[in-house]
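Close look at the chain arrangement
For reference, the chains in residue letters:
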Amino acid sequence: MPGLTIGDTIPNLEVETNHGKFKLHDFIGDGWAIIFSHPGDFTPVCTTELGKMAAFALESEQRKVKLLGLSCDDVQSHNEWIKDIEAYTPGCKVTYPIIADPNREIIKQLNMVDPDEKDSSGKQLPSRALHIVGPDKRVKLSFLYPASTGRNMDEVVRALDSLQKAAKHKVATPANWKQGDPVVISPSVSNDQAKEMFPQGYQTVDLPSKKDYLRFTHV
C-alpha cells in the first residue's frame, strides 16, 4: 500500500486535539509513541478499542511510550464520546489526546485511509491503523485492520516490548515471544562478540545444517 510505512519518518504535522494543538515531533519527544486511528466516534468497536488503550495508559508510561488517537470527528465530539468510553471501561480514564481531522488531510499523510469505508456523505473514513514510532520519529511497526476487526492490545504491547528490546540490545524476538522469554542474537553478531555482549551466556541450537545461527539468550 502506498504512503507512510515502516522506516519512514512521521511528518511533523501540527494537529488539533482535545488536549490542544501541537506538532507531532514535539509530542513524541525523545520517547516512543503509538499513533492509532479509528473509523469514527460513537461506534461500537472503536469504543472498546479506546477503552483498552485507556486501560494500557499506566503501562505505557512505564514503557515511556505516549498514546495518540485520531479520527475525522471534531474535538467536541471526542470530548462527548470519551464519557461513553470511560463508562464502558470502569476505572479507566482517557488521558491521552485524540486528533480531530474533519478535513481528512491528516489521515492521508499518516497513511490511515480506509480504501472502502465511507461516511453517509461519501467521504473517506480512517482505517483501523496503528503506527509504533521510535524516538528517531520513524515508523518501527504498523498494524492495519478492517473496520470490522478490533485490535488485539496484547499483541500491540508484545510488539512494542519486542521493538524496545531490539533497540536496546542486538537481538530479535522469535515467534510467539513474550516478555521474559529468551531472545535470539542477531546474525550480525559474531560468537566472539556475543561472548562479550552477553556475559550471562547463550545457547546455540544444534541444527542439521550445523550452522550456528540460532542462538538464544536472556536480556
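Looking at an unreviewed UniProt entry, one finds the protein named 1-Cys peroxiredoxin and attributed to Melia azedarach.

The next subject is the pattern of salt bridges. Within the structure shown, the criterion is met by 11 salt bridges. Two residues, Lys 93 and Glu 86, come together in a salt bridge whose shortest N-O distance is 3.8 Å. Across the pair Asp 136 and Lys 140 runs a salt bridge, and its minimum N-O distance is 2.8 Å. A single salt-bridge network, built from bridges that share partners, covers Glu 49, Arg 128 and Arg 151.

A few words now on the state of the cysteines. Counted according to the given criterion, the structure contains zero disulfides. The closest cysteine sulfur to the non-disulfide-bonded Cys 46 is located on Cys 72, 11 Å from its own sulfur. The buried category is assigned to Cys 72, whose relative accessible area is 7%.

Below, the discussion takes up the pairing of strand 2 (residues 20–23). Summarising the sheet, strand 1 (residues 14–17) and strand 2 pair through four bridges and their orientation is antiparallel. Within the sheet, the bridge partner assigned to Glu 14 lies in strand 2 and is Lys 23. Hairpin connection from strand 1 to strand 2: two residues lie between these consecutive antiparallel strands.

Further remarks concern the nonpolar core. In this structure, Ile 34, Phe 36, Met 53, Tyr 96, Leu 130 and Ile 132 are the most contacted members of the largest nonpolar core, which totals 28 residues. Listed by contribution, the elements that provide at least two residues to this core are strand 3 (32–37), helix 2 (44–62), strand 4 (65–71), helix 3 (75–88), strand 8 (128–133), strand 9 (139–145) and helix 5 (153–168). Considering each element in turn, this core owes the most residues, six residues, to helix 5. Setting aside anything within four residues of it in sequence, one finds Leu 130 in contact with Ile 34, Ile 35, Phe 36, Met 53, Leu 141, Ser 142, Phe 143, Arg 151 and Val 156.

Strand order in the open sheet formed by four strands is 10-11-13-12, with antiparallel pairing between adjacent strands. The strands lining the two open edges of the sheet, one partner per strand, are strand 10 (171–172) and strand 12 (203–204). Of the pairings in the sheet, the one linking strand 11 (residues 183–185) to strand 13 (residues 215–217) comprises two bridges and is antiparallel in character. By the bridge assignment for strand 13, Val 183 is matched with Thr 217.

A few words on the side chain of Thr 17. Tracing the backbone through its elements, the reader meets Thr 17 in strand 1. Assessed through its relative accessible area of 3%, Thr 17 is described here as buried. Within polar-contact distance, the side chain of Thr 17 engages the backbone nitrogen of His 19 at 2.8 Å. From its side chain, Thr 17 meets the backbone oxygen of Gly 20 in a polar contact 2.8 Å long. Setting aside chain neighbours within four positions, we find Thr 17 in contact with Phe 22, Val 75, Pro 97, Ile 98, Ile 99 and Ala 100.

What follows is about the packing of helix 2 against helix 3. One can describe the packing of helix 2 onto helix 3 by two numbers: an axis separation of 9 Å at closest approach and a directional angle of 70 degrees. It follows that helix 2 is roughly perpendicular to helix 3 by the angle criterion. The crossing of helix 2 and helix 3 is right-handed. Residues Cys 46, Thr 47, Thr 48, Leu 50 and Gly 51 of helix 2 form the contact with helix 3, whose own contacting residues are Trp 81, Asp 84, Ile 85 and Tyr 88. Residues of the contact of helix 2 with helix 3, tallied by class, amount to five nonpolar, three polar and one charged.

Each value, and the rule that gives it
- Residues numbered from 1 in each chain as written.
- Predicted model: local features only at pLDDT ≥ 70, side-chain atom pairs only at ≥ 80, totals over all residues.
- Heavy atoms only, no water.
- Salt bridge = Lys/Arg side-chain N within 4 Å of Asp/Glu carboxyl O.
- Disulfide = S-S within 2.5 Å.
- Buried < 20%, exposed > 50% of the residue type's maximum accessible area, 1.4 Å probe, protein only.
- Pairing = 2+ DSSP bridges.
- Helix = DSSP H or I, 4+ residues; strand = E, 2+ residues; numbered from the N terminus.
- Core = buried A, V, L, I, M, F, W, Y, C linked by side-chain atoms within 4.5 Å.
- Contact = heavy atoms within 4.5 Å.
- Polar contact = N/O pair within 3.5 Å; in protein donor to acceptor, adjacent residues only side chain to side chain.
- Axes fitted to C-alpha atoms, helices over the stretch in contact; angles between N-to-C directions.
- Parallel < 35°, antiparallel > 145°, perpendicular 65-115°, else oblique.
- Left-handed = near helix turned anticlockwise from the far one by under 90°.
- Nonpolar A, V, L, I, M, F, W, Y, C, P; charged D, E, K, R; others polar.

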